[in-house]
Amino acid sequence: MRVVAPDLELWLTKHVRALAAAENKIADVSNKEPSTLAVPLKKPLIVIRVDPGARLSPVTFDISIGASVLAGSKQNESPAKDLARWLAGILHDDALPLVDDSPIAFVNWDGCTSPATVIDQLDVSRQYLTAQYVVSGSW
């Protein structure tokens, strides 16, 4: 049986973008950093990317994601840290399998990390976190 892994990056990006709008969080949500990234940022940036994962069964895949939050500055990390904690709450939510059209079958908390500061060449605060899921493919 030919089974295709879901486009989790696309689904999570849309999901986070919708929640940000519903909860009045001002941020751009994307799967890539713009090639013209310059500071100061006009608004915070959330970047969600998918790492390769193993196939667990004929219809399920183990997929990890990494998320970066860029906001504020190196001297003012609060905007990035606050937004990253909000994002971790979304990405680590064990109710994700219940969201409409969610490809997520299970949140693997062993692969979920809290936000951590990452040094950036630009004068921006960068927070990084991970999440891990078992997702269902389609045929």
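Residues numbered from 1 in each chain as written. Predicted model: local features only at pLDDT ≥ 70, side-chain atom pairs only at ≥ 80, totals over all residues. Heavy atoms only, no water.

For this particular structure, what's the right way to read the overall build of the protein?
Helix and strand content of the protein: 2 helices and 6 strands. The helix and strand sequence of the protein, counted from the amino end, reads α-β-β-β-α-β-β-β. In terms of overall dimensions, the protein is globule-like: its C-alpha atoms have a radius of gyration of 15 Å, near the 14 Å expected for 139 residues. Once the C-alpha set of the protein is aligned to its principal axes, its extents read approximately 50 × 30 × 30 Å. The buried share of the protein, taken over its 139 residues, is 41%. For the protein, contacts bridging at least 24 residues in sequence account for 64% of all contacts bridging at least 6. Here the protein has roughly 7,800 Å² of accessible surface; of this, 54% comes from carbon and sulfur atoms. The protein carries 13 positive and 16 negative side-chain charges, and their two centres are separated by 6 Å. (Helix = DSSP H or I, 4+ residues; strand = E, 2+ residues; numbered from the N terminus. Rg over C-alpha atoms; globule rule 2.2 N^0.38 Å. Buried < 20%, exposed > 50% of the residue type's maximum accessible area, 1.4 Å probe, protein only. Contact = heavy atoms within 4.5 Å. Areas by Shrake-Rupley, 256 points an atom, 1.4 Å probe, with all protein chains shown as cover. Lys, Arg positive; Asp, Glu negative; His and termini not counted. Charge placed at Lys NZ, Arg CZ, Asp CG, Glu CD.)

So what exactly am I meant to see when it comes to the pattern of salt bridges here?
Side chains carrying opposite charge are able to pair once their charged atoms draw close together. In this structure the tally under the stated criterion is 6 salt bridges. A salt bridge links Lys43 to Asp28; the nearest nitrogen and oxygen atoms lie 3.3 Å apart. Of the two residues, Lys43 is situated in the loop between strand 1 (28-30) and strand 2 (45-51) and Asp28 in strand 1; the sequence distance between them amounts to 15 residues. The salt bridge involving Arg49 is made with Asp51; its shortest N-O contact spans 2.1 Å. Where salt bridges share partners, they join Glu33, Asp120 and Arg126 into one cluster. (Salt bridge = Lys/Arg side-chain N within 4 Å of Asp/Glu carboxyl O.)

Help me understand the pairing of strand 2, please; the structure alone is not making it clear to me.
Across 3 bridges, the pairing between strand 1 and strand 2 is parallel. Counterpart to Val29 in the pairing with strand 2 is Ile46. For strand 2 and strand 3 (residues 60-71), the ladder comprises 7 bridges, and the chain directions are antiparallel. Looking at the pairing, Val47 lines up with Ser68 of strand 3. (Pairing = 2+ DSSP bridges.)

What should I look at first to understand the side chain of Ser102 in this one?
Take Ser102: it is sitting in the loop between helix 2 (78-91) and strand 4 (104-107). Ser102 has contacts with Trp11, Leu96 and Pro97, leaving out every residue within four places of it along the chain.

I keep staring at helix 2 and nothing clicks. Help me out?
An α-helical turn contains 3.6 residues, so a residue and the one three or four places further along point in the same direction. Compared with the 20 Å implied by 1.5 Å per residue over 14 residues, the 20 Å span of helix 2 between its first and last C-alpha is a close match. Those residues of helix 2 that sit buried are Ala80, Leu83, Ala84, Trp86, Leu87, Ala88, Ile90 and Leu91. Elements in contact with the buried residues of helix 2: helix 1 (8-22), strand 2, strand 3, strand 5 (113-118) and strand 6 (125-136). (Expected span 1.5 Å × (residues − 1).)

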